[in-house]
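Residue-level structural notes
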Amino acid sequence: VHLKIPLGTFTCVTGVSGSGKSTLIDGVLRRTMPEVHAYHNRVLPAAFRIPGTALTSVAVNCNYRSACHRDRGDLKKGWSTMTVVEKGKYSGGLYVLPEYRVAFDVREGDLILVQSHVHWHGNTPIVGGEDGAKRLSFVVFAKEALRNATPPPAEPWGPHSKRKRNDASGKK
């Protein structure tokens, strides 16, 4: 795939689930902003990253309207992503960046990449739609506090341990 994404613009990548949007963006970040990509991987312990990504945390919202805000506690030089899964038809839920006077109708298959701790943002209410219509948004980001976190020790009888328990008490 040959792709040109202009820097300094808002770009939305769309595609069906599993089509490689995150892999594509990860590759673009690795090539165009290698210092950001390396920074995420360098400062965040692997035990706290979502496998295959440089991100640590996920917020899942259902039909949620958020007031205009900047996120707190995100990795200072970090980026976050947002994608949506839909059930039924609805309107609203626009992702708004008021300082740029733009709003995005994020739909299933779309991916937004933004520094949500830097830019004021929010989303409009979900309105109308079929009975039971749902819009799940998934916001994935990296937390600053995890930079210095200590990964939990491996459990001596965890699922990947070669040691086995002899009884239900866990005593060997």
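Residues numbered from 1 in each chain as written. Predicted model: local features only at pLDDT ≥ 70, side-chain atom pairs only at ≥ 80, totals over all residues. Heavy atoms only, no water.

1. Some remarks on the overall build of the chain
Summing up its helical and strand segments, the chain has 2 helices and 11 strands in all. For the chain, the sequential pattern of α-helices and β-strands runs β-α-α-β-β-β-β-β-β-β-β-β-β. Put simply, the chain has 172 residues, and 33% of those count as buried. Surface summary for the chain: the accessible area is close to 11200 Å², and the carbon and sulfur share equals 57%. (Helix = DSSP H or I, 4+ residues; strand = E, 2+ residues; numbered from the N terminus. Buried < 20%, exposed > 50% of the residue type's maximum accessible area, 1.4 Å probe, protein only. Areas by Shrake-Rupley, 256 points an atom, 1.4 Å probe, with all protein chains shown as cover.)

2. Considerations on the pairing of strand 8 (residues 110-114)
For strand 8, the tally of buried residues reaches 4 of 5 residues, placing the bulk of the element in the interior. Summarising the sheet, strand 4 (residues 80-87) and strand 8 pair through 4 bridges and their orientation is antiparallel. Its bridge partner being in strand 8, Thr83 is matched across the sheet by Leu111. (Pairing = 2+ DSSP bridges.)

3. Examining the sheet that holds strand 7 (residues 102-104)
The strand order 3-9-6-7 describes an open sheet built from 4 strands, whose pairing is antiparallel. Among the strands making up the open sheet, the edge pair consists of strand 3 (66-69) and strand 7. When strand polarity is set aside, the average angle formed by the axes of neighbouring strands in this sheet is 20°. As judged from the 2 bridges shared by strand 3 and strand 9 (residues 121-123), these two strands associate in the antiparallel manner. In the strand pairing of strand 9, Ser66 is matched with Asn123. (Axes fitted to C-alpha atoms, helices over the stretch in contact; angles between N-to-C directions.)

4. Side note on the environment of Ser66
Here Ser66 shows up in strand 3. C-alpha of Ser66 to C-alpha of Pro125: the two residues are 59 residues apart in sequence and 7.9 Å apart in space. Once you skip the residues sitting within four places of it in the chain, Ser66 turns out to touch Gly122 and Asn123. Among the polar contacts listed, one links the side chain of Ser66 to the side chain of Asn123, at a separation of 2.7 Å. (Contact = heavy atoms within 4.5 Å. Polar contact = N/O pair within 3.5 Å; in protein donor to acceptor, adjacent residues only side chain to side chain.)

5. Considering the pairing of strand 4
With 7 bridges connecting them, strand 4 and strand 11 (residues 134-141) associate as antiparallel partners. The residue bridging Val84 from the neighbouring strand is Ser137, located in strand 11.

6. Some remarks on helix 2 (residues 34-43)
Taken residue by residue, helix 2 has Val36, His37, Tyr39, His40 and Val43 as its buried positions. What you see down the axis of helix 2 is that its buried residues fit within an arc of 160°, all on one side. Helix 2 presents Glu35 and Arg42 as exposed residues on the side facing more than 90 degrees away from its buried surface. (Arc of directions from axis to C-beta.)

7. Some words on the packing of aromatic side chains
A full pass over the atoms with the stated rule returns 0 aromatic pairs. Between Lys77 and the ring centre of Tyr39, over which it is positioned, the NZ or CZ distance is 5.3 Å. The ring of Tyr90 carries the charged tip of Arg107 above its face, separated from the ring centre by 4.2 Å. (Phe/Tyr/Trp six-rings, centres within 6.5 Å; stacked < 30°, edge-to-face > 60°. Lys NZ or Arg CZ within 6 Å of the ring centre and 35° of its normal.)

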